Amino acid sequence: MVRKRFQDVKSGFEWAKFLSKVGMGKEDYYFWKQIGKALVCTYAVCFAAWWYNETSPLGWWTLKPRPKEEKELAHLYERREFPYPGDQEAMEEFIAKGGMIGTTIGPRGLIETDNNAVNFQKELQDKKFEQEAQKMWMRMRNEVIAELQEKGYDVE
């Protein structure tokens with residue numbers, strides 16, 4: 001007859017048992033593989049969007065159309081590549097191309113304070129208001145002229 005023995009004393013922590021309890025065992029490999037693929041794809045899409053933002057001709061998430069005036073002035077707000085200060089040839093070329101025009105410090109070295117976004121927005125609103133007022137004035141003028149011509153007056 002074979003003698004019964006006591007079970008071996010388990011020394012240490014059973015990692016396989018713990019990992020399977022928290023959802024990271026061998027049977028969960030496919031699930032975590034899918035999660036990893038999803039993360040890689042998400043980060044790839046985010047990187048592509050970020051890269052497109054840096055090089056986009058459209059602007060970032062242009063859900064509303066930009067006014068014509070803003071499109072015309074967009075070149076002033078493009079990212080500029082400034083030369084290294086120690087490179088004299090590059091600095092001279094940069095200044096010759098008018099590289100400082102449109103920045104906060106003008107070509108003469110004076111700080112331009114009236115080129116901020118609030119003033120630009122206000123100018124756009126004033127311009128739009130003037131256009132609407134002009135349209136309304138012309139409409140009213142044409143209506144009055146039409147009424148006078150109906151009554152028989154010669155108005156030109």
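Caption draft 1: Summary view of the packing of aromatic side chains. Evaluated as defined, the whole model comprises one aromatic pair. Centroid distance F31 to W32: 5.1 Å. Interplanar angle 75°. Geometry classified as edge-to-face. F31 sits in the partly exposed class, given a relative accessible area of 47%. Residue class for W32 comes out partly exposed when judged on its relative accessible area of 40%.

Caption draft 2: How the structure looks around a negative patch on the surface. A surface patch of negative charge is lined by D87, E89, E92 and E93. Within the secondary structure layout, E92 lies in helix 4 (residues 88–96).

Caption draft 3: The confidence of the model for the chain, seen in detail. Mean pLDDT over the chain: 77, with 73% of residues reaching 70 or higher. For the chain, helix 3 (residues 68–72) is the element with the lowest average pLDDT, namely 80, and helix 2 (residues 29–55) is the one with the highest, namely 88. Note on residues 104–112: pLDDT under 50 across the span, and eleven contacts to partners over four residues away in sequence or across chains.

Rules of the game
Residues numbered from 1 in each chain as written. Predicted model: local features only at pLDDT ≥ 70, side-chain atom pairs only at ≥ 80, totals over all residues. Heavy atoms only, no water. Phe/Tyr/Trp six-rings, centres within 6.5 Å; stacked < 30°, edge-to-face > 60°. Buried < 20%, exposed > 50% of the residue type's maximum accessible area, 1.4 Å probe, protein only. Patch = residues over 30% accessible without salt bridge, like charges linked within 9 Å, V, L, I, M, F, W, Y side chains within 5 Å. Areas by Shrake-Rupley, 256 points an atom, 1.4 Å probe, with all protein chains shown as cover. Salt bridge = Lys/Arg side-chain N within 4 Å of Asp/Glu carboxyl O. Lys, Arg positive; Asp, Glu negative; His and termini not counted. Charge placed at Lys NZ, Arg CZ, Asp CG, Glu CD. Helix = DSSP H or I, 4+ residues; strand = E, 2+ residues; numbered from the N terminus. pLDDT = per-residue confidence, 0-100. Contact = heavy atoms within 4.5 Å.

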